[in-house]
Amino acid sequence: MANLATLFRVLLSLFWYPLTGFASAQWPGGASTRFYDFKVQTMRITKLCNTKDIVTINGMFPGPVVYAHEDDRVIVNVTNETPHSITIHWHGIRQRLSCWSDGPSYITQCPIQAGQSFTYEFTIVEQKGTLLWHAHVSWLRGTVYGAIVVYPKTGVPYPFQYPYEEHIILLGEYWLKDLVQLEQQVMDSGGAPPPADAFTINGHPGPNFNCSNDDVYKINVVPGKTYLLRIINAGLNMENFFAIANHKLTIVEVDGEYTKPLTTDRVMLGPGQTMNVLVTADQPLGKYSMAMGAYMSARGVRFQNISAIAYFQYVGAVPNALALPAQLPGFNDSLAVKTVMDGLRSLNPVNVPEEIDTNLFYTIGLNVQKCRSNTPEKNCQATNNGVLAASMNNISFIRPNISLLEAYYKKINGCYTEDFPDAPLEFYDFVNGAPNNIPNDTQALNGTRTKVLEYGTRVQLILQDTGTISTENHPIHLHGFSFYVVGYGTGNYDNRTATFNLVDPPYMNTIGVPVGGWAVIRFIADNPGLVYALSLGSTYVMGIVYGFHSEEWARRA
């Protein structure tokens with residue numbers, strides 16, 4: 001049911017820290033400064049036998065690539081020329097002392113109104129690799145997205161074979177209906193969102209979809225050469241498999257962090273995840289399909305089951321040759337997902353926090369709220385005639401009227417509380433015995449709740465999937481941080497049997513909590529500002545406010 005959760009603004013469990021002794025922090029200056037000008041514009045587009053207007057940046061779909069080097073300063077001026085409010089989130093950028101530029105609406109800023117501008121300014125401190133930017137208001141993310149490519153510092157090589165060429169692969173979803181109207185219809189219905197009308201690779205659906213035989217992305221490759229593909233899942237709802245017919249993919253980076261090389265036949269990325277892979281053109285001359293298909297771990301959910309196709313085409317191949325098909329796993333093949341995750345390791349040994357100051361246990365799931373509408377046939381179309389809502393620790397998010405960072409900074413009372421629980425209020429068999437009958441058992445509490453942490457806190461966060469409606473793989477993204485994925489498994493988390501990798505776990509900013517299972521992440525709360533995790537795009541499920549006393553930060557803010 002991964003695609004259900006994107007609709008619902010769920011809980012916000014904000015942690016904020018009253019800090020002292022932070023005034024010595026140095027504001028990151030940046031090696032060079034890169035300037036970008038983003039115009040939010042509507043563009044007429046024809047796809048799938050249908051013409052409509054979509055929201056874009058600079059009239060491009062997908063949007064422009066943001067290029068930089070490690071430690072560069074990036075300044076992006078965004079001018080909104082559409083009637084829709086918007087913000088831009090820089091997914092994976094840690095925003096060291098620049099949390100005002102993170103971009104999630106009503107969290108770090110209020111949306112940019114029609115005719116208004118906002119300037120994002122941040123330094124890419126000690127980061128390199130492939131990341132993502134996207135709209136962070138409503139479903140505009142469905143067309144407003146693009147890649148961030150951060151190269152190593154000048155003169156610093158890749159820790160793998162230097163590729164002959166690099167190519168960006170953006171996996172997306174496309175709807176025939178206007179996305180703003182579609183989101184409102186779904187919210188009004190209380191039920192699940194409809195599946196996308198097509199998957200896309202760099203904005204192209206490929207020949208499996210109506211009127212799309214010529215709407216295909218192609219990479220022309222030289223036999224014997226090795227290529228670096230920067231794969232990004234920019235989708236709104238779906239997790240996706242990706243494979244190239246008859247070719248191996250060697251993973252060398254995940255979420256902007258180098259990994260030990262891992263060779264596989266296919267990869268799976270959740271929304272917001274990025275992966276760099278090396279592919280060698282070592283097959284006979286020909287045209288080979290690059291395929292993007294659904295991974296759907298939940299039960300009883302409608303989803304797009306037609307694959308998007310692009311071409312990995314050898315120079316010198318017979319023109320108009322038939323493309324060899326790529327073999328994707330079955331749509332619910334969780335073993336294929338686990339196999340790749342099992343093999344991911346940081347390139348070198350890392351300093352994982354071994355002593356933990358704060359242990360958190362957060363359940364993740366969907367709830368069915370009691371119908372309170374006078375027209376239940378229109379507004380209560382979820383299970384048992386209820387209303388769907390996502391939650392963490394059974395608390396569902398209420399969006400504030402101003403940004404929470406502004407409320408914290410200006411000491412505006414009444415916008416949030418500081419009582420988000422460290423663990424569920426009730427423990428039971430989360431995977432197999434979760435209650436699922438409304439109105440009493442699946443009702444979530446509502447609120448904009450926060451959790452207070454001190455600066456420097458060493459945090460262990462256990463993320464537990466639940467089967468309240470259906471178990472499912474949950475992508476969880478932490479703003480402002482990457483984290484070590486030290487363990488994961490199936491069933492209910494049990495610290496007596498859980499095993500951890502504290503030597504070289506992968507360092508990620510987005511983790512898929514396994515279907516019917518758990519994941520454990522560790523990080524140090526050393527990035528002051530407002531940070532939170534979210535599940536599946538625009539759904540808020542956990543946030544962090546770092547409060548502290550720093551004259552330098554206050555001046556810059």
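Below you will find a few notes about this structure. Predicted model, so just to flag it, every value in this text is computed and none were measured. (Residues numbered from 1 in each chain as written. Predicted model: local features only at pLDDT ≥ 70, side-chain atom pairs only at ≥ 80, totals over all residues. Heavy atoms only, no water.)

A short note on the overall build of the chain
Link 1 in the chain: From N to C terminus, the chain includes five helices and 33 strands.
Link 2 in the chain: Taking as baseline every contact in the chain between residues at least 6 positions apart, the subset at least 24 positions apart corresponds to 80%.
Link 3 in the chain: Working note: accessible area of the chain is about 21000 Å², and carbon and sulfur atoms make up 48% of it. (Helix = DSSP H or I, 4+ residues; strand = E, 2+ residues; numbered from the N terminus. Contact = heavy atoms within 4.5 Å. Areas by Shrake-Rupley, 256 points an atom, 1.4 Å probe, with all protein chains shown as cover.)

Points about the pairing of strand 5 (residues 73-80)
Link 1 in the chain: Most of strand 5 sits inside the fold, with seven of its eight residues counted as buried.
Link 2 in the chain: Sheet topology note: the strand 2 (residues 33-47)/strand 5 ladder contains eight bridges and is parallel. Along strand 5, the bridge assignment pairs Tyr36 with Val76. (Buried < 20%, exposed > 50% of the residue type's maximum accessible area, 1.4 Å probe, protein only. Pairing = 2+ DSSP bridges.)

Describing the sheet that holds strand 7 (residues 117-123)
Link 1 in the chain: Spatial ordering of the open sheet is given by 3-2-5-7, a layout of four strands whose pairing is mixed. Two strands close off the open sheet at either side, each with one partner strand: strand 3 (50-57) and strand 7. The mean inter-strand angle of the sheet, taken between neighbouring strand axes irrespective of direction, is 20°.
Link 2 in the chain: Pairing of strand 2 with strand 3 involves eight bridges; the strand directions are antiparallel. Looking at the pairing, Met43 lines up with Ile54 of strand 3. (Axes fitted to C-alpha atoms, helices over the stretch in contact; angles between N-to-C directions.)

Observations concerning the sheet that holds strand 13 (residues 226-233)
Link 1 in the chain: Pairing in this open sheet of six strands is mixed, and the strands run 11-10-13-18-15-16 from one edge to the other. The open sheet has two free edges, formed respectively by strand 11 (198-201) and strand 16 (257-264), since each of these has just one partner strand. Put simply, the sheet's adjacent strands are angled 25° from each other on average, direction ignored.

Structural notes on the environment of Pro329
Link 1 in the chain: Mapped onto the elements of the fold, Pro329 is located in the loop between strand 21 (323-324) and helix 2 (334-343).
Link 2 in the chain: A C-alpha to C-alpha distance of 9.2 Å links Pro329 and Ala294, two positions 35 residues apart in sequence.
Link 3 in the chain: Contact partners of Pro329, with chain neighbours within four places excluded, come to Phe241, Arg266 and Ala336.

Concerning the side chain of Thr226
Link 1 in the chain: Summarising the element assignment, Thr226 is placed in strand 13.
Link 2 in the chain: A residue is classified by how much of its surface remains accessible, and Thr226, at 6% relative accessible area, is buried.
Link 3 in the chain: A polar contact of 2.8 Å, which involves the side chain of Thr226, links it to the side chain of Thr280.
Link 4 in the chain: Here Thr226 is in contact with Gln161, Pro163, Tyr164, Glu165, Leu278, Val279 and Thr280, once residues within four sequence places are set aside. (Polar contact = N/O pair within 3.5 Å; in protein donor to acceptor, adjacent residues only side chain to side chain.)

Examining unusual backbone geometry
Most peptide bonds adopt trans geometry, and most residues besides glycine take a negative phi value.
Link 1 in the chain: In this structure, the amide linkage connecting Phe61 to the following residue, Pro62, adopts the cis form with an omega of -5°.
Link 2 in the chain: By secondary structure assignment, the location of Pro62 is in the loop between strand 3 and strand 4 (66-69).

Comments concerning the state of the cysteines
Link 1 in the chain: Enumeration over the complete set of coordinates arrives at two disulfides.
Link 2 in the chain: Paired by a disulfide, Cys49 and Cys211 hold their sulfur atoms 1.8 Å apart. Linking Cys49 and Cys211, the disulfide has an S-S dihedral of approximately 95° and is accordingly described as right-handed. With Cys49 in the loop between strand 2 and strand 3 and Cys211 in the loop between strand 11 and strand 12 (218-221), the pair connects residues that are 162 residues apart, well separated along the chain.
Link 3 in the chain: By relative accessible area, Cys49 is classed as partly exposed at 49%.
Link 4 in the chain: Take Cys211: its relative accessible area is 55%, and that puts it in the exposed class.
Link 5 in the chain: Disulfide pairing is shown between Cys371 and Cys380; the S-S distance is 2.0 Å. Between Cys371 and Cys380, the S-S torsion sits near 70°, and that sign places the bridge as right-handed.
Link 6 in the chain: Of the residues examined, Cys380 reaches a relative accessible area of 2% and is grouped as buried. (Disulfide = S-S within 2.5 Å.)

A look at helix 1 (residues 179-189)
Link 1 in the chain: Within the sequence span of helix 1, burial applies to Leu179, Leu182, Glu183, Val186 and Ser189. The buried residues of helix 1 occupy one face: seen down the axis, they fall within an arc of 130°.
Link 2 in the chain: At its buried positions, helix 1 is contacted by helix 3 (376-379).
Link 3 in the chain: Positioned one or two residues after helix 1, Gly190 has a phi angle of 75°, which is positive. (Arc of directions from axis to C-beta.)

Notes on the packing of aromatic side chains
Link 1 in the chain: Per the stated rule, a full pass over the model turns up 28 aromatic pairs.
Link 2 in the chain: Plain terms: the ring middles of Phe427 and Phe430 are 5.6 Å apart, the flat faces sit at 65° to each other, and that makes the pair edge-to-face.
Link 3 in the chain: Judged by its relative accessible area of 3%, Phe430 falls in the buried class.
Link 4 in the chain: Connected via pairs of aromatic rings, a cluster forms that spans Phe38, Trp90, Phe118, Tyr120, Phe122 and Trp133.
Link 5 in the chain: One cation-aromatic arrangement involves Lys287 over Tyr311; the distance from NZ or CZ to the ring centre is 4.5 Å. (Phe/Tyr/Trp six-rings, centres within 6.5 Å; stacked < 30°, edge-to-face > 60°. Lys NZ or Arg CZ within 6 Å of the ring centre and 35° of its normal.)

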